[in-house]
Amino acid sequence: DIPGNRDLVEDNVTGMLYPLGDTNKLVQLSNRLLENEEARKRLSIAAKQFVLTNHSIDAMVSQHVQYYLDCLKST
């Protein structure tokens, strides 16, 4: 759980965050995922959808086009 990661990972939705340096928490979360196939699938599906929606080439091109259109409107 460091700056920037929260832009990509929503805790318990698209992944799991733990405090920097807290190896006990990392082990706990890793074990939870190893023991829970449903949670692994849920997180991976949500993470993939987030990336496809927000960080795919198509999404990035669309965001850039919208930025340029917004810039043109303000001139």
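Residues numbered from 1 in each chain as written. Predicted model: local features only at pLDDT ≥ 70, side-chain atom pairs only at ≥ 80, totals over all residues. Heavy atoms only, no water.

Explain the overall build of the protein chain residue by residue, including any values.
Each helix and strand counted, the protein chain has three helices and zero strands in total. Secondary structure elements of the protein chain occur, N-terminal to C-terminal, as α-α-α. For the protein chain, whose C-alpha radius of gyration is 17 Å, the value lies well above the compact-globule estimate of 11 Å for 75 residues. The dimensions of the protein chain, computed from C-alpha atoms along their principal axes, are 55 × 25 × 15 Å. Considering the protein chain as a whole, with its 75 residues, one finds that 12% of them fall into the buried category. Within the protein chain, residue pairs in contact and separated by at least 24 positions form 33% of the contacts whose partners lie at least 6 positions apart. When the accessible surface of the protein chain is summed, it comes to about 6100 Å², and 58% of that surface belongs to carbon and sulfur atoms. (Helix = DSSP H or I, 4+ residues; strand = E, 2+ residues; numbered from the N terminus. Rg over C-alpha atoms; globule rule 2.2 N^0.38 Å. Buried < 20%, exposed > 50% of the residue type's maximum accessible area, 1.4 Å probe, protein only. Contact = heavy atoms within 4.5 Å. Areas by Shrake-Rupley, 256 points an atom, 1.4 Å probe, with all protein chains shown as cover.)

Requested: an account of a nonpolar patch on the surface, with residues and values cited.
Taken together, the side chains of I57, M60, V61, V65, L69 and L72 define a hydrophobic patch exposed on the protein surface, amounting to about 560 Å² of accessible area. Among the structural elements, V65 can be located in helix α3 (residues 57-73). (Patch = residues over 30% accessible without salt bridge, like charges linked within 9 Å, V, L, I, M, F, W, Y side chains within 5 Å. Salt bridge = Lys/Arg side-chain N within 4 Å of Asp/Glu carboxyl O.)

Describe unusual backbone geometry, with residues and values.
Positive phi values are uncommon outside glycine, yet N12 reaches one of about 65 degrees. With respect to the helices and strands, the residue N12 is situated in the segment before α1 (23-35). Look at N12 and you get partly exposed, because its relative accessible area is 36%.

So what about the packing of α1 against helix α2 (residues 37-54)? Which residues, and what values?
Look at α1 against α2: their axes get within 5 Å of each other, and the N-to-C directions meet at 100 degrees. What the angle tells us is that α1 and α2 run roughly perpendicular. Two secondary-structure elements touch here, α1 through L33, L34 and E35 and α2 through E37, A39, R40 and L43. For the contact of α1 with α2, a count of residues per class yields four nonpolar, no polar and three charged. (Axes fitted to C-alpha atoms, helices over the stretch in contact; angles between N-to-C directions. Parallel < 35°, antiparallel > 145°, perpendicular 65-115°, else oblique. Nonpolar A, V, L, I, M, F, W, Y, C, P; charged D, E, K, R; others polar.)

I'd like to hear about α2, residue by residue, with values.
Over its 18 residues, α2 extends 26 Å from the first C-alpha to the last, a length consistent with the 26 Å expected when each residue adds 1.5 Å. Looking at where α2 begins, the residue whose side-chain oxygen comes 3.2 Å from the main-chain nitrogen of E38 is N36. (Expected span 1.5 Å × (residues − 1). Polar contact = N/O pair within 3.5 Å; in protein donor to acceptor, adjacent residues only side chain to side chain.)

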